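Descriptive structure summary
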Amino acid sequence: MYQLALLYLACVLAGFGLANLPSSAIVTAEISNIFDLVGGIAIIVFGAAILYLGFKSLFNKR
């Protein structure tokens, strides 16, 4: 369970890395916009997955 949460956290950090990639490291501005979009989507999706795991463990009745 914790390994999955750490994997999702790593994916969120990778999304931040893609979203904050400097434009000088990329060939064109269009590719920079695509990386920003993909990074933002990764942050939202994997952040929601981490929240889901947290709520699931919080309300788990064992």
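Since the model is a prediction, treat every value here as computed from it, not as a measurement.

When helices and strands are tallied, the chain shows two helices and zero strands. Relative to the compact-globule value of 11 Å for 62 residues, the chain shows a C-alpha radius of gyration of 15 Å, a clear excess of over 25%. If one aligns the C-alpha atoms of the chain with their principal axes, the spans along those axes are about 55 × 15 × 10 Å. For the chain, buried positions account for 15% of its 62 residues. Carbon and sulfur atoms make up 72% of the accessible area of the chain, which amounts to about 4,900 Å² in all.

Next up on the list: helix α2 (residues 29-58). If you check α2, its first and last C-alpha atoms are 43 Å apart, about what 30 residues at 1.5 Å a residue would give, namely 44 Å. Of the positions making up α2, those classed as buried are S32, G39, A42, A49 and L53. On its buried face, α2 is in contact with α1 (2-19).

Under the counting rule described, the total for this entry stands at two aromatic pairs. Residues Y8 and F46 carry aromatic rings whose centres are separated by 5.7 Å and whose planes lie at 40° to one another, so their mutual orientation is tilted. With Y8 in helix α1 and F46 in helix α2, the pair connects residues that are 38 residues apart, well separated along the chain. With relative accessibility at 26%, the residue F46 sits in the partly exposed group. Plain terms: the ring middles of F55 and F59 are 6.4 Å apart, the flat faces sit at 15° to each other, and that makes the pair stacked. Here F59 falls in the exposed class, since its relative accessible area comes to 61%.

To continue, consider the environment of Y52. Locating Y52 in the fold gives a position in helix α2. Judged by relative accessible area, which is 54%, Y52 ranks as exposed. Taking the C-alpha atoms as reference points, Y52 and A5, separated by 47 residues in sequence, lie 10.0 Å from one another.

Parameters at a glance
Residues numbered from 1 in each chain as written. Predicted model: local features only at pLDDT ≥ 70, side-chain atom pairs only at ≥ 80, totals over all residues. Heavy atoms only, no water. Helix = DSSP H or I, 4+ residues; strand = E, 2+ residues; numbered from the N terminus. Rg over C-alpha atoms; globule rule 2.2 N^0.38 Å. Buried < 20%, exposed > 50% of the residue type's maximum accessible area, 1.4 Å probe, protein only. Areas by Shrake-Rupley, 256 points an atom, 1.4 Å probe, with all protein chains shown as cover. Expected span 1.5 Å × (residues − 1). Contact = heavy atoms within 4.5 Å. Phe/Tyr/Trp six-rings, centres within 6.5 Å; stacked < 30°, edge-to-face > 60°.

Treat this as a map of the structure, not an account of what it does.
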